[in-house]
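Observations on the model geometry
The primary structure of each chain is shown beneath.
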Amino acid sequence: MQIVEKTGRNKDMAIEEALRELNASRDMVVIEILEDEKEGILGIFGARPAKVRVTLKDDKRKLAGELLENILKYMNIPCNVKLETPGENQATLSIDGENVGNVIGKRGSTLNALEYLLNVMVNKEGSDKIAVSIDASGYRESRVKSLEELSLKLAAKVKDTNKSVELEPMTSQERKVIHTTLKNNTDVYTYSKGEEPYRKVVISAKNKSRGGQGKPSEDGARSEKSGHSNNSGGGNRKRRPSHHDGHGKDNNAGGANGGRKQYAPPTRTAINTAVENLMKATENSASAQLKTPSAPTEN
Amino acid sequence: MKELISLIIKSLVDKTDQIEIKEISGEKTLMYEVKVATEDVGKIIGKHGRTINAIRTLLRSAMNKDNKKVILEVLQ
């Protein structure tokens, strides 16, 4: 990488001189001001010239393009590489040729590998990093389109069947496409699960009346449980919420234990009554069983 | 093929003079053993083996026409 340090009477003069030496324009370089100029008394005493460091940025972009061309040459894939600069610290390389399918690979696997490798190679040294993205005959764009179509189709399916759908593992950019397409969908919501190379999107139904699928159903189950225990509390129902409020979230377990001790007598009686009920029921059913066989004979 | 590997490894490591690539040719497989300076080993393997796996993916697609398997190993 080309770096030039220049001193001049003021910043602009120093920068201009550096640019002349690098034969570059202002948007192609990174400018660091090492020392600002200082005007001394009467412009003589304590005056200090400005010092700037100018680094040629385009170097990395060119390096990426050359590397890609060489790699493709050794892979025996004849094609053209076009370099574009969509923004600061970005470089887009588009590959065009006959056998581009080989560069793309299955679901863009080779293209993603190439992109990752080039990013690592280009950003090996130097502090300012650039993001290299590679496209092969409009593959990225068509992939985005097909992902949008797929997500809309699956969203309709999820809405109909009320079952969540897991997609295959994708890269973060591809997952983002699905998240953004279904962001404003009123029937489904999306989330990602799994660890990075195998992270995948799940499309789930938003269910307003019930708990819904996935995460909300867990919440629903939990609230159901707590409701049940509140009911079994019986006469103590009023005291229990205040007891809970007194404790923090972390003390919930302890609070629950204290609650259990308090309710021990009622539960024991509840068990007793339940057992009694059961015994009565079995007696009844036994007598019913005795009766039922005789019933048909009577009729 | 060997040139491709050496180009990739060269642009990944710092000590380019310590790269050794050995080709072992089999009937159905091509094996490459790569040796680099100890401080550069991590650079060609990458986080969770991401870099070495990316190289393997590239080699696989470069090999596609010959229908042979490519194995790339890093020796330490």
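Relevant structure appears above.
Because the structure is a prediction, the values reported are computed rather than measured.

Thoughts on the overall build of chain B
The helix and strand tally for chain B stands at 3 helices and 3 strands. If you list the helices and strands of chain B from N to C, you get α-β-β-α-α-β. Taken over 76 residues, chain B has a buried fraction of 42%. Here the contacts in chain B between residues at least 6 apart in sequence split such that 56% fall between residues at least 24 apart. Accessible area of chain B: about 4,500 Å², with a carbon and sulfur share of 45%.

Considerations on the nonpolar core
Leu-68 and Ile-71 of chain A together with Ile-8 of chain B are the most contacted members of the largest nonpolar core, which has 51 residues in total. Per-element accounting of this core gives the leading share, 8 residues, to helix H4 (residues 109-122) of chain A. Beyond its immediate chain neighbours, meaning those up to four positions away, Ile-71 of chain A contacts Leu-114 and Met-121 of chain A together with Leu-4, Leu-7, Ile-8 and Leu-58 of chain B.

Description of the packing of aromatic side chains
All names here are of chain A. All told, the structure shown has 1 aromatic pair over all chains when counted by the stated rule. Ring geometry for Tyr-189 against Tyr-191: centres 6.0 Å apart, planes inclined by 25 degrees, an arrangement best described as stacked. Considered together, Tyr-189 and Tyr-191 belong to a single accessibility category, that of buried residues. Stacked on the ring of Tyr-74, the Lys or Arg Lys-73 has its end atom at 5.7 Å from the ring centre.

A look at the pairing of strand S8 (residues 188-193) of chain A
Looking along a regular strand, one sees the side chains alternate between the two faces of the sheet. Residues and elements named next belong to chain A. Counting buried positions along S8 gives 5 out of 6 residues, so the element sits mostly inside the fold. For S8 and strand S9 (residues 200-205), the ladder comprises 6 bridges, and the chain directions are antiparallel. In the strand pairing of S9, Ser-192 is matched with Val-201. Linking S8 to S9, which pair antiparallel, is a turn of 6 residues; within it Gly-194 sits at a positive phi near 100 degrees.

Brief notes about the pattern of salt bridges
Residue and element names in this part refer to chain A. Applying the stated criterion across every chain, the model contains 13 salt bridges over all chains. A salt bridge links Lys-6 to Glu-17; its shortest N-O distance comes to 4.0 Å. Pair noted here: Lys-6 is in strand S1 (residues 3-8) and Glu-17 is in helix H1 (residues 11-22), with a separation of 11 residues, a long-range link. A residue is classified by how much of its surface remains accessible, and Glu-17, at 34% relative accessible area, is partly exposed.

Here's the deal with the interface of chain B and chain A
Each side of the interface is counted separately: chain B has 19 residues, and chain A has 16 residues. Counting each side, the surface lost to burial between chain B and chain A is near 1,700 Å², with a carbon and sulfur contribution of 69%. For the pair chain B and chain A, the number of links is 0 salt bridges. Among the elements that make up the side of chain B that touches chain A, the one with the highest residue count is helix H3 (residues 50-63) of chain B (8 residues).

Conventions we followed
Residues numbered from 1 in each chain as written. Chains lettered and ligands numbered in written order. Predicted model: local features only at pLDDT ≥ 70, side-chain atom pairs only at ≥ 80, totals over all residues. Heavy atoms only, no water. Helix = DSSP H or I, 4+ residues; strand = E, 2+ residues; numbered from the N terminus. Buried < 20%, exposed > 50% of the residue type's maximum accessible area, 1.4 Å probe, protein only. Contact = heavy atoms within 4.5 Å. Areas by Shrake-Rupley, 256 points an atom, 1.4 Å probe, with all protein chains shown as cover. Core = buried A, V, L, I, M, F, W, Y, C linked by side-chain atoms within 4.5 Å. Phe/Tyr/Trp six-rings, centres within 6.5 Å; stacked < 30°, edge-to-face > 60°. Lys NZ or Arg CZ within 6 Å of the ring centre and 35° of its normal. Pairing = 2+ DSSP bridges. Salt bridge = Lys/Arg side-chain N within 4 Å of Asp/Glu carboxyl O. Buried area = accessible area lost by both parts, 1.4 Å probe.

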